[in-house]
Amino acid sequence: MNTRTSLSSGRKKLSTGLLALCAVSTGLNPARAEVWPHERTEPVAREDVPFAQRVDPEIDRQMRSMEWRCVGPFVGVRGCGVEMHPTNKLVFYHAHSSGGVWKTEDAGQYWVPITDGQINVGSVGAIAVSQSKPDVIYIGTGEPQLRDCVSWGDGVYKSSDGGETWKHLGLKDTRNISRVRIHPDNPDLVYVAAVGNPFGPSKDRGVYRSKDGGKTWEQVFFKHEQAGVIDLVMCDHDPNILYASTFEAFRRTWGLKAGGPNSGIFKSTDGGDTWEEITRNPGLPSDHLGRIGLAHSKDKPNRISALIDSKEKNGLYQSEDGGKTWKWVTDHVGITQRPFYYYHLHASPTNGDEMWVASNKLWQSLDGGKTWNQRTGTKDDFHDIKFDPKDPDRMIVTHDGGAMVTLNGGTTWSTPYTQPNQQVYRLNIDNQFPYNLYGNCQDLIGYKVPSASVWGGISQADVTVVGSGESGASVPHPTKPHIIYHLAQSTLAAGGFPMQRVNLMTAQWDLRNVWPMPTFGEGQSEAKYRFNWHAPIVIDPFDENTVYTAAEVVFRSKDEGMSWEVVSPVLTKDDETKQQAGGSPSSLETSGQEAYNTIHRMVASKVKEGVLWTGSDDGLVHVTQDGGKSWKNVTPKDMGEVTDVYGLEASPHDAGTVYVVASRYRTANDFKPYIWKSADYGKTWVNLSQNFPQSEITRTIREDTVRKGLLFVGTETGVFTSFDDGASWKPLNLNLPAVAIHDIKVKHEDLCICL
């Protein structure tokens, strides 16, 4: 049977939970995939189920023998929330920013996903376990750290059996949830803090309360359409006392406005029925505020602490009378970094003077916040901490390396190399046997991961570190696989396209920037060149020594990056109002992630020499047919003003055919799919968007290398395929959980993805 005609043949069965770099094979080994909880034998048409997880009888019959398998790397990544079982000392939970909820029953030695196939999204922002009935768990979806790649959710879920099964409880339009709090004696009384949609105004934010275990919800607090609740504290000594902090925030690709007149602190003493604003009480700053972290300890029942982002006087504030009056404590540089992203303040439940701040590093104070010491033994970029109220040595943290557990007060921690839930944004593959997959991992490093191992399962020992980048691509040389071009945004010289030429044979890493420059401290309008955080790396298919990259112009190197020449005019728009440094009241956000008016994607035809396509993050598509001597603007006429080109696919069958996928959720609060095709070098276009499920955004697209018109698209919740060149689409998630697909590659009979 021709597998590319029906995609119905089998493969080896090797599966895990969340996938980081993975492959689905269309070989000829028949096997039957397990039936996941969201899969059924009859069609599912409910609108509350993502299209990627609805089952079609035809695809169910044809593709049941196929299955995705995880190949690695087996290391954790950015989390949002952590929890623990109140009595079983070895049980902990981890709410992942894009990979659902994970559980360990041996204090972090082994983690398993417990929401795969049962929730409609991948991003989980908050988690809470009932203290009085530990089998009851609530999760709020959508991460609350509002960085440029922030993902969203669809409300609240509940498990009544320790995570075995999950039920959707509503609040779908809250999108991004920061906290879930459960009454210590009543598992049916639960509060949800929703920071809400950062891309546009919404009334679906604030504090929600349910008195019946999530069957019904009441919005008990609302401040403003652009200001949600970023932190919520329930006092242990009196659960009727609640403190909430609001955060006015507005996100776009080109920047974040993190702060405003609607950020503040509020208090309720009657379980949320009424609220009093205490933002301007004596001792607090009087200017517009940014993000605010709150902390309370039952050991100090009258004390409430707040880490406040303020231009007037930034830092830690404390009140000893329940918020009536305040005193400024410190603006220690370690606890006041990058306010919009961190400002996670915690107090030990057993010692009110022991305070912790989860920031770029993990900081601890033993004198009520006056002095701070960095705690070591873990990674960096922390986002949540949970303490055992009866055992001060038992803790769990989450950071950009996953979740780590300690049973001895932080002297030692469990390892992050037990959690296969990395985030990888671009995928490349070499020509070795077995082939290897290459990708840069979020806030970690670039990896080379084999597609198979002589030892059977692929372990972390089979994985090779290729560089120090966290975004963009790692591209292997087509005939010299020990040579890798690696975008190293994590290096100190992170501006000007910091590409490393990596030689794995000699263990040499050479930095070969186009134009070395710092990215911290200024907007992109001041830069000589504007490079996207995921700037492209393209090796010429007809000349393996020629490498291309792009900023607002295209660069070419014929000596492996030692020198670069400009080979195009400006191929983006140039709006200086969208090139300024954003940020919060006390701190600019100038990490380079928000560079705009840049070329986001570039691809070279493998059919005809000299054909290159570019797509910009501000809605322009260009093509050259002569290797860069001349360029033509071929942007589809119906492409919106601020459309971000997320994917370009030069057809492997025809030099004049190209596919474009784009998104507008970060630029225009538009969550619809956008797909175009041209078969005449961009002279005319066919808009394929209306045929695609309208509840999905489109992130990437690929055409099969053998069968023309067999397409694969990655979205926020999975993979879709079209057998008729985009006229109709079918879900291809199979055993894949709901998760964002960032890139797709076709290799021989395998379909490979990164997420």
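Residues numbered from 1 in each chain as written. Predicted model: local features only at pLDDT ≥ 70, side-chain atom pairs only at ≥ 80, totals over all residues. Heavy atoms only, no water.

Undergrad: Help me understand the overall build of the protein chain, please; the structure alone is not making it clear to me.
TA: A tally of helices and strands in the protein chain yields 3 helices and 58 strands. A compact globule built from 755 residues should have a C-alpha radius of gyration of about 27 Å, and the protein chain, at 25 Å, falls within 12% of that. Its C-alpha atoms put the protein chain at 75 × 55 × 50 Å along the principal axes. The proportion of buried residues among the 755 residues of the protein chain is 68%. A separation threshold of at least 6 residues defines the contact pool for the protein chain, and within that pool the share at least 24 residues apart is 53%. Carbon and sulfur atoms provide 50% of the accessible area of the protein chain, an area that totals close to 25900 Å². (Helix = DSSP H or I, 4+ residues; strand = E, 2+ residues; numbered from the N terminus. Rg over C-alpha atoms; globule rule 2.2 N^0.38 Å. Buried < 20%, exposed > 50% of the residue type's maximum accessible area, 1.4 Å probe, protein only. Contact = heavy atoms within 4.5 Å. Areas by Shrake-Rupley, 256 points an atom, 1.4 Å probe, with all protein chains shown as cover.)

Undergrad: It is not clear to me how the state of the cysteines should be interpreted in this structure. Could you clarify?
TA: Think of a disulfide as a covalent bridge from one cysteine sulfur atom to another cysteine sulfur atom. Taken as a whole and assessed by the stated rule, the structure comprises 0 disulfides. Unpaired in this structure, C80 has its nearest cysteine sulfur neighbour in C149, at a distance of 11 Å. (Disulfide = S-S within 2.5 Å.)

Undergrad: Looking at this model, I keep getting lost on the packing of aromatic side chains. Mind explaining?
TA: For any pair of aromatic rings, the description rests on two quantities: the centre-to-centre distance and the angle between the ring planes. One pass over the structure, following the stated rule, counts 20 aromatic pairs. Geometrically, the ring pair formed by Y529 and F531 is edge-to-face, given 6.4 Å between the ring centres and 70 degrees between the ring planes. An identical accessibility class is assigned to Y529 and F531; each is buried. For the ring pair Y665 and F671, a centre distance of 5.8 Å and an interplane angle of 35 degrees mean the geometry is tilted. Classification of Y665 by relative accessible area gives buried; the value is 1%. One aromatic cluster is present, formed by F497, W515, Y529, F531, F555 and W564 through successive ring pairs. Note that R175 overlies the ring of F671, its terminal NZ or CZ placed 4.0 Å from the centroid. Of note, K578 hangs over the ring of W254, and the distance from its end group to the ring centre comes to 5.0 Å. (Phe/Tyr/Trp six-rings, centres within 6.5 Å; stacked < 30°, edge-to-face > 60°. Lys NZ or Arg CZ within 6 Å of the ring centre and 35° of its normal.)

Undergrad: What is the right way to read the pattern of salt bridges from this model?
TA: Pairing of side chains with opposite charge becomes possible as their charged atoms draw close. Overall, the coordinates contain 35 salt bridges when judged by the stated rule. Between K103 and E105 there is a salt bridge, with its nearest N and O atoms 3.7 Å apart. For K103, a relative accessible area of 13% corresponds to the buried category. A network of salt bridges, in which partner residues are shared, links R426, E649, R702, D743 and K745. (Salt bridge = Lys/Arg side-chain N within 4 Å of Asp/Glu carboxyl O.)

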